[in-house]
Amino acid sequence: MASPAPDHSGLDELDRRIVLATQDGLPVVSRPYAAVAAQVGCTEEAVRERLTQMLESGRIRRIGAVPNHYAIGYTANGMSVWNIDDAVIDPVGERVGALDFVTHCYRRPRHLPDWPYNLFAMVHAASREAALARVDEIAMLLEREFRGACKGRDVLFSAGILKKTGLRIAG
Amino acid sequence: MSETSTPGVAAPAASRRGLAATREPDATDRKLINALQGDFPLTETPFADVAAAVGLDEAEVIARVQAMLRDRVLTRFGPMFQIERMGGAFCLAAMAVPEAAWGEVAEAVNGFPEVAHNYRREHSLNMWFVLATERPEGIADVAGRIEAATGLPVHLFPKEKEYFVEMKLEA
């Protein structure tokens, strides 16, 4: 899927007012876009148009609900981290990211000597055992397909959400 | 722009768990959560459209979404902005927070509007949060201000490559 090119020209004034009005969420009322329009001082039609444009340009990933993982049964949220040979980090990342139980997969810098890991793969599961089994599955896959490339790993389980607000830009 | 409350921070017992949901969603809530993780309609009465799709009436959908937000079964409802496409930046960050200072540091970190998510994780680096700023250079700036406010080093883990991001979890 082609990604829209990054646009550093930023937002115009109306876009910006709409972002500020909706970054804490949409009003949960019968006509949410009319409620946003009343708040930012434009027409309902303009709010819907601007949101549509922001979706098309990739500035909005999607509009909808973000469930609390714990509440819907994904009680084990394991951040698996891997020390992967730089020579094969990209093919390894693509392979791990393609697994259906991996929800996010990124390459990030090491912080030596304390943090040797350069690949982050988030695994959500119904139990810690299930999450660990999936991490073992990743390890076996790497040993099979990229022998010797994995120099170490760890899994950091989440012990609680302290804050989750999504984007906030300063007013 | 400030948080209206910081539940859990004051009470040490609750702070381990963070912003836990106060109940489990029932079968109808789960059906609704799954429906609301798709593309929310950009129509005049989007909740009525969702209601028709899942076989409920509009008033019940609105009441259930409000209740799930209140009970933290949902952490958010609305547009999920892709700040990098608006000229801004995201960065994962972590700190090693001493247990004795946990509540105080969590409150200080969560008080920064640039902190979008914050999770407790089991590791010597035990506080992991996401910084979101309007300009890429804002990341280093807010990291410096968090270090000044807490007296603790902030380790930055910028995304060097995104292999995969899934934004939906089945309820």
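Use the structure listed above.
All values reported here derive from a predicted model rather than from experimental measurement.

Asks: Just checking my understanding: could you explain helix α6 (residues 138-150) of chain B for this structure?
Replies: In an α-helix there are 3.6 residues to a turn, and that puts residues three or four apart on one side. Residue and element names in this part refer to chain B. Between its terminal C-alpha atoms α6 stretches 18 Å, which fits the 18 Å expected from 13 residues at 1.5 Å a residue. When α6 is considered as a whole, its buried residues turn out to be G138, I139, V142, A143, I146 and T150. Seen along its axis, α6 keeps its buried residues to an arc of 130 degrees; they face one direction. Pointing more than 90 degrees away from the buried face of α6 are the exposed residues A140 and A148. In this fold, the buried residues of α6 make contact with β2 (89-95), α5 (102-110), β3 (115-121), β4 (127-133) and β5 (155-157).

Asks: I tried to follow the interface of chain A and chain B on my own but got confused; where do I start?
Replies: It is common to give the size of an interface as the accessible area lost on bringing the parts into contact. Facing the 84 residues of chain A at the interface are 81 residues of chain B. Where chain A packs against chain B, one counts seven salt bridges. On inspection of chain A and its partner chain B, the count reaches 31 residue pairs in polar contact (both at pLDDT 80 or more). When residues of the side of chain A that touches chain B are assigned to their parent elements, the largest contribution, 10 residues, is made by strand β5 (residues 150-164) of chain A. The residue makeup of the side of chain A that touches chain B, split by class, is 41 nonpolar, 25 polar and 18 charged. Note: strand β3 (residues 102-107) of chain A against strand β6 (residues 161-165) of chain B, four bridges, orientation antiparallel.

Asks: I keep staring at the pattern of salt bridges and nothing clicks. Help me out?
Replies: For the structure on display, the rule yields 27 salt bridges over all chains. Among the salt bridges present, the one from E45 of chain A reaches R48 of chain A, with a minimum N-O distance of 3.4 Å. Linking E45 of chain A with R48 of chain A, this pair stays in helix α3 (residues 44-56), spanning three residues, or about one helical turn. Judged by its relative accessible area of 15%, R48 of chain A falls in the buried class. When the shortest N-O distance is used, the salt bridge between R147 of chain A and E143 of chain A registers 3.1 Å. Assessed through its relative accessible area of 68%, R147 of chain A is described here as exposed. Within this structure, R23, D26, D29, E60, R64, R70 and D71 of chain B form a network of salt bridges that share partners.

Asks: Any chance you could explain the packing of aromatic side chains here in plain terms?
Replies: A complete count under the given rule lists 10 aromatic pairs over all chains for this structure. Three or more aromatic residues link up through ring pairs in this structure, and these residues are W115, Y117 and F120 of chain A together with W128 and F157 of chain B. A cation over an aromatic ring shows up here: R108 of chain A above the ring of F120 of chain A, its NZ or CZ 5.2 Å from the ring centre. R128 of chain A extends its terminal NZ or CZ atom over the ring of F157 of chain A, reaching a point 4.3 Å from the ring centre.

Asks: So what exactly am I meant to see when it comes to the pairing of strand β1 (residues 74-81) of chain B here?
Replies: For a regular strand, the rule is simple: side chains alternate between the two faces of the sheet. Across the eight residues that make up β1 of chain B, a large majority, seven, are buried. Across seven bridges, the pairing between strand β1 (residues 60-67) of chain A and β1 of chain B is antiparallel. Within β1 of chain B, the position partnered with P67 of chain A by the bridge is L74 of chain B.

Asks: It is not clear to me how the sheet that holds strand β4 (residues 119-125) of chain A should be interpreted in this structure. Could you clarify?
Replies: Sheet strands associate in pairs through backbone hydrogen bonding, adopting either a parallel or an antiparallel arrangement. A sheet is described by the order of its strands in space; here nine strands give the open sequence β5(B)-β2(B)-β4(B)-β3(B)-β5(A)-β2(A)-β4(A)-β3(A)-β6(B), paired in antiparallel fashion. A strand with exactly one partner marks an edge of an open sheet, and here the two such strands are β5 and β6 of chain B. On average, each strand axis in the sheet is tilted by 25 degrees relative to the strand beside it, whichever way the strands run. Relative to β4 of chain A, strand β2 (residues 76-84) of chain A runs antiparallel, the two being bridged by seven bridges. Considered in β4 of chain A, the bridge of G78 of chain A is made with V123 of chain A.

Asks: It is not clear to me how the nonpolar core should be interpreted in this structure. Could you clarify?
Replies: Nonpolar side chains in soluble globular proteins tend to be buried together. Within the largest apolar cluster, 38 residues are counted, with the highest numbers of intra-cluster contacts made by L51 of chain A together with L32, L36, F40, F47, V65 and F77 of chain B. Put simply, the parts of the chain that give this core at least two residues each are α1 (13-22), α2 (32-40), α3 and β1 of chain A together with α2 (27-36), α3 (46-54), α4 (58-70) and β1 of chain B. If near-sequence neighbours (up to four positions away) are discounted, F47 of chain B is found in contact with P27, V28, V29 and P32 of chain A together with F40, E58, V61, I62, V65 and F77 of chain B. V96, L119, V155 and F157 of chain A belong to the second-largest nonpolar core, a separate cluster that totals 25 residues.

Asks: What's the story with unusual backbone geometry in this structure? I'm lost.
Replies: Backbone geometry follows two general trends: most residues other than glycine have a negative phi, and most peptide bonds adopt the trans configuration. Looking along the chain, the bond that leaves L112 of chain A and enters P113 of chain A is cis, with omega of 5 degrees. Secondary-structure assignment places P113 of chain A in the loop between β3 and β4. One non-glycine residue, R72 of chain B, adopts positive backbone phi at about 60 degrees. Within the fold, R72 of chain B resides in the loop between α4 and β1.

What counts and what doesn't
Sequence positions are assigned chain by chain, starting from 1 and proceeding in written order. Key to labels: chains lettered from A, ligands numbered from 1, both in the order written. The predicted origin of the model limits local features to residues at a pLDDT of at least 70 and limits the giving and counting of side-chain atom pairs to 80 or more, whereas totals for whole chains, interfaces and linings rest on all residues. Side-chain metrics in this entry use all non-hydrogen atoms of the structure; hydrogen atoms and water are not considered. Each helix is a run of DSSP H or I of at least 4 residues and each strand a run of E of at least 2, with the numbering of both proceeding from the N terminus. By this rule the span expected of a helix is its residue count minus one, scaled by 1.5 Å. Partly exposed describes any residue whose relative accessible area lies between the buried limit of under 20% and the exposed limit of over 50%, with all areas from a 1.4 Å probe on protein chains only and scaled to the type maximum. Read the arc as the range of directions from the helix axis to the C-beta atoms. Whether two residues are in contact is decided by their heavy atoms, any of which lying within 4.5 Å being enough. A pair is scored as a salt bridge if a Lys or Arg side-chain nitrogen falls within 4 Å of a carboxyl oxygen belonging to Asp or Glu. Under this definition, polar contacts are N or O atom pairs within 3.5 Å; protein pairs additionally need one hydrogen-donor-capable and one acceptor-capable atom, and for neighbouring residues in sequence, both atoms have to be side-chain atoms. When residues are sorted by character, Ala, Val, Leu, Ile, Met, Phe, Trp, Tyr, Cys and Pro go into the nonpolar class, Asp, Glu, Lys and Arg into the charged class, and all the rest, Gly among them, into the polar class. Paired strands are those between which DSSP finds at least two bridges. In this scheme Phe, Tyr and Trp rings, the latter by its six-membered ring, pair at centre separations within 6.5 Å, and the angle between planes marks the pair as stacked below 30 degrees, edge-to-face above 60, and tilted otherwise. In this analysis the charged atom, NZ for Lys or CZ for Arg, is taken to sit over a ring once it is within 6 Å of the ring centre and within 35 degrees of the ring normal. To define axes, lines are fitted to C-alpha atoms, for helices over the stretch in contact only, and angles between the resulting N-to-C directions are given on a 0 to 180 degree scale. The term nonpolar core refers to a set of buried residues drawn from Ala, Val, Leu, Ile, Met, Phe, Trp, Tyr and Cys, joined through side-chain atoms within 4.5 Å.

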